Amino acid sequence: MMTTDTIAAIATAPGAGGIGIIRVSGPDALPILEKLFAPAGKGDYKPWTLRRGRVHDMEGNTLDDALAVFMPGPKTFTGEDVAEFQCHGGPVLLAAVLEACLCAGARLAERGEFTRRAFLNGRMDLTQAEAVAEMIAAPSKEGARLAAAKLDGVLGQRIAGLRERVEHLRAQICLAVDFPEEEVECLPQEGFLAAIADVKAAVASLLAGFERTRCWREGVTVALAGPVNAGKSSLMNALLGRQRAVVTEYPGTTRDFLEEPIQLAGLPVRLVDTAGLRETDNPAEAQGIQLGRSMIESADVVLLMVDGAEGATPDTWALLSELGPERTILVWNKSDLATPPPHWYGEETGLSGKPAAHAVISARRGEGLETLAEAVRELALARSQGQEPEPGEAAPNLRQAQSLTEVRGELEALEQDILAGVPYDLCAVRLEGAASALAEITGLDTPEEVLNRIFASFCIGK
């Protein structure tokens, strides 16, 4: 990719910090650096070496005492000449330095434009480019590990290998069809089907990785449900370690659902506190209860709270059946006031289904929370057939999984064509579709609108 313009943006996160970085990429990166930076010592800019000096604007007004570095292409992140100013991290100061860069000849970078240039300049394939955004947004350590493996090219290499196998089958078919008089050996039907089955198995393995690691990439939703005053809001505050929900002795305090991100036993969770479930004539509370029910219905895991002062009641078991025992953890709260009796969690209730798990806690004292967190983790992973990622595991994201599903569909249709006796030259169309879908994953053949959608999700400085 040949670019004639130079882009600039603040590369560090918004807000105040110790250090803020302004990144400049393009053919004028070094001239802009020379216009705006006065190094403390003498001599030319030595590539890849930080120099201390003063950053000033185009009028010569000093902006900051900072560090600067010049990195010549093509062995840079973008594949172009790159300059960076490492300044003090005040938002006003960074904006002033960025404005100076724009006045010196750069233009403001678009969302994801640095990474897009890296992709278009061949510094990374599209799976690696997407991994940059995934690593930044990773909700857990395991999610960051998955993104790091993709950034290293693990997924791109596996996709390239699959595409090579598909193209090899296409070549064999085309050779046999184009030169039948040469008696070129063509795959017999059994061999053709076996080769397709091998590729399908590899695709299925990648799709299984997508499902297995979904919890770590996207997190799970955990809803707190139960009657009024059972301690839902107290549990939310206890898990968060701060007061997020209002807690009073009056029933119906929570009128709307509250949600907060949190990690429970290392698992990224979206914790949702809902209004107490009861019959009410108050229209505001009724609306809050309805909203809460909607959140509960879509949750991956439900924590059904039992008020330990009252114990489990017929309403408890009715709620358990309604919410779905297979995704529900029954939580006995207020253990500091009352100890649960034996088999309180359903073994002697006559229910056809017991809760998936149970826990005894005191939200007020913070007791039993670690055990509850482990129960949430185990249930969420079990329901999604998840497990901790293997080192270097290649797990596709949603877009990549959709393309792999398209590949699987083409291969399954191809198997049916072969069994139906469709001529091999027509079968090549199916292989072409599979190869095209694989090429779209790595960016070899990706429509412009798809690229625009991918990079529009990035921040401006990346």
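Please read all numbers here as calculations on a predicted model, not as lab measurements. (Residues numbered from 1 in each chain as written. Predicted model: local features only at pLDDT ≥ 70, side-chain atom pairs only at ≥ 80, totals over all residues. Heavy atoms only, no water.)

Draft legend 1. Quick peek at the packing of helix H4 (residues 126–137) against helix H5 (residues 141–151). Running from N to C, H4 and H5 cross one another at 155°; their axes reach a closest spacing of 8 Å. Regarding the angle of H4 to H5, the classification is roughly antiparallel. In the packing of H4 onto H5, the handedness of the crossing is left-handed. Residues Thr 127, Gln 128, Ala 131, Val 132, Glu 134 and Met 135 of H4 touch H5, and the partners they reach there are Ala 144, Ala 147, Ala 148, Lys 150 and Leu 151. Across the contact of H4 with H5, the residue classes tally to seven nonpolar, two polar and two charged. (Axes fitted to C-alpha atoms, helices over the stretch in contact; angles between N-to-C directions. Helix = DSSP H or I, 4+ residues; strand = E, 2+ residues; numbered from the N terminus. Parallel < 35°, antiparallel > 145°, perpendicular 65-115°, else oblique. Left-handed = near helix turned anticlockwise from the far one by under 90°. Contact = heavy atoms within 4.5 Å. Nonpolar A, V, L, I, M, F, W, Y, C, P; charged D, E, K, R; others polar.)

Draft legend 2. Structural context of the pattern of salt bridges. Applying the stated criterion across every chain, the model contains 21 salt bridges. As a salt-bridge pair, Arg 107 and Asp 5 come within 2.7 Å of each other at their nearest N and O atoms. Taken together, the residues Arg 107 in strand S7 (residues 107–108) and Asp 5 in the segment before strand S1 (7–10) connect sequence positions 102 residues apart. Connected via shared salt-bridge partners are Asp 5, Glu 80, Arg 107, Glu 113 and Arg 117. (Salt bridge = Lys/Arg side-chain N within 4 Å of Asp/Glu carboxyl O.)

Draft legend 3. Fine view of the nonpolar core. Counting residues in each nonpolar core, the largest one holds 34 residues, and the members touching the most others are Leu 235, Leu 303, Ile 329 and Leu 372. Among the elements that make up this core, the one with the highest residue count is helix H12 (residues 369–383) (eight residues). Leaving out residues up to four positions away in the same chain, Leu 372 has contacts with Leu 235, Leu 303, Ile 329, Val 331, Ala 359 and Ile 361. In this structure, Leu 155, Val 166, Leu 206 and Ala 437 belong to the second largest nonpolar core, which totals 30 residues. (Core = buried A, V, L, I, M, F, W, Y, C linked by side-chain atoms within 4.5 Å. Buried < 20%, exposed > 50% of the residue type's maximum accessible area, 1.4 Å probe, protein only.)

Draft legend 4. Geometry of the environment of Leu 379. With respect to the secondary-structure elements, Leu 379 resides in helix H12. The spacing of Leu 379 and Thr 328 is 51 residues in sequence and 8.7 Å in space, taken between C-alpha atoms. With residues near it in sequence (within four places) discarded, Leu 379 still touches Val 301, Glu 326, Arg 327, Thr 328, Ile 329 and Ala 356.

Draft legend 5. Structural detail: unusual backbone geometry. In the segment running from Gly 73 into Pro 74, the intervening peptide bond is cis, with an omega of 5°. Mapped onto the fold, Pro 74 is located in the loop between strand S5 (62–71) and strand S6 (82–89). A positive phi is found at Trp 48, a non-glycine position, where the angle reads about 70°. Within the secondary structure, Trp 48 is located in the loop between strand S3 (37–39) and strand S4 (51–56). Despite not being glycine, Lys 334 shows a phi value in the positive range, around 65°. Looking at the secondary structure, you find Lys 334 in the loop between strand S12 (328–333) and strand S13 (357–360).

Draft legend 6. Quick peek at the sheet that holds S6. The strand order across the open sheet built from seven strands is S3-S4-S5-S6-S2-S1-S7, with neighbouring strands paired in mixed fashion. Edge positions in the sheet fall to S3 and S7, since each has one partner strand and no second. Here two bridges tie S1 to S7, and the two strands are oriented parallel to one another. Across the sheet, the residue bridging to Ala 8 is Leu 108, located in S7. Against the sheet, helix H2 (residues 91–103) engages S1, strand S2 (17–25), S4, S5, S6 and S7, with an angle of about 155° to S6. In the packing of helix H3 (residues 113–120) onto the sheet, the strands contacted are S1, S2 and S7, and the crossing angle to S1 comes to about 135°. (Pairing = 2+ DSSP bridges.)

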